[in-house]
Amino acid sequence: MAVAASSSGHYYDVFINFRGEDTRKIFVGHLYRALEQKAIHTFIDSEELRKGNDLSKLLKAIDDSRLLIVVFSENYASSTWCLKEIVKILECMDAQNQIVVPVFYQVDPSGIRKLKGSYAEAFAKHEDDSNANKEEVHGWKTTLTRATNLSGWDSRDYN
């Protein structure tokens, strides 16, 4: 299944978008290994990539992937990187018909949609940030609502 630059122009089969501190060593790490064991070429960011605050490699990997998995977790919305990535992911879904699969890792999809709990707290901080672009923050909210309305998996259903 994994092909270096397939005829569709995609280099990766799967891109995984996630909040590292919440899920890297547990759910996402296991998912990544399982996909790689099945020879599914998967992009997962590394801590090294996060140094220097350059999103360009991540955004290019999103463009270059067939399937985009978004792992929503407790602290997902506290990461501006995650929020910028989800905007790009939905842009690719719209423009390139890439498949997006949300996974709700121990969070309630409606709580994300309605910005409750940790999501409300994260957006309050984003809005209070004097350096924040208010239009961008509003766009993140809209994007989260769209993404959580997509069909996906809720980990709480499998406990």
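Residues numbered from 1 in each chain as written. Predicted model: local features only at pLDDT ≥ 70, side-chain atom pairs only at ≥ 80, totals over all residues. Heavy atoms only, no water.

(A) Quick look at the nonpolar core. Within the largest apolar cluster, 31 residues are counted, with the highest numbers of intra-cluster contacts made by F15, F72, Y76, I89 and L144. When residues of this core are traced back to their parent elements, those giving at least two are β1 (12-18), α3 (56-63), β3 (65-72), α4 (80-96), β4 (99-104), α6 (118-128) and α7 (134-148). Looking at this core, the element that brings in the most residues is α4, giving eight residues. In this view, F15 contacts F43, L58, A61, I62, S65, L67, L68, I69, E85 and I89; residues no more than four positions away in its chain are not counted. Residues I16, I40, V71 and V103 belong to the second largest nonpolar core, which totals ten residues. (Core = buried A, V, L, I, M, F, W, Y, C linked by side-chain atoms within 4.5 Å. Buried < 20%, exposed > 50% of the residue type's maximum accessible area, 1.4 Å probe, protein only. Helix = DSSP H or I, 4+ residues; strand = E, 2+ residues; numbered from the N terminus. Contact = heavy atoms within 4.5 Å.)

(B) Main features of the pairing of β4. Of all six residues making up β4, five are buried, and the element is well covered by its neighbours. The sheet contact formed by β3 and β4 spans six bridges and is parallel. By the bridge assignment, I69 is partnered in β4 with V101. Between the parallel pair β3 and β4, the chain is carried across by α4, and the sense of this crossover is right-handed. (Pairing = 2+ DSSP bridges. Right-handed = clockwise from strand over helix to strand, strands pointing away.)

(C) Seen up close, the pattern of salt bridges. Applying the stated criterion across every chain yields a total of six salt bridges. A salt bridge links E127 to K141; the nearest nitrogen and oxygen atoms lie 2.3 Å apart. A residue pair is termed long-range when its members are at least 10 positions apart, and E127 in helix α6 and K141 in helix α7 qualify at 14 residues. A relative accessible area of 24% means that K141 is categorised as partly exposed. (Salt bridge = Lys/Arg side-chain N within 4 Å of Asp/Glu carboxyl O.)

(D) Local environment of the packing of aromatic side chains. Per the counting criterion, the structure on display carries six aromatic pairs. When the ring of Y11 is compared with that of Y12, the centres are 4.9 Å apart and the planes differ by 90°; the resulting orientation is edge-to-face. A relative accessible area of 37% places Y11 in the partly exposed class. A centroid spacing of 5.3 Å and a plane angle of 5° characterise the contact between F15 and F43, whose relative ring orientation is stacked. One end of the pair, F15, is in strand β1; the other, F43, is in strand β2 (residues 42-43), with 28 residues separating them in the sequence. Across this residue pair, the class does not change: F15 and F43 are buried. (Phe/Tyr/Trp six-rings, centres within 6.5 Å; stacked < 30°, edge-to-face > 60°.)

(E) Spatial organisation of α4. Its 17 residues place the ends of α4 24 Å apart at the C-alpha level, agreeing with the 24 Å of an ideal helix rising 1.5 Å per residue. All buried positions along α4 are accounted for by W81, C82, L83, E85, I86, K88, I89, L90, C92 and M93. At the C-terminal side of α4, N97 shows a positive phi close to 55°. (Expected span 1.5 Å × (residues − 1).)

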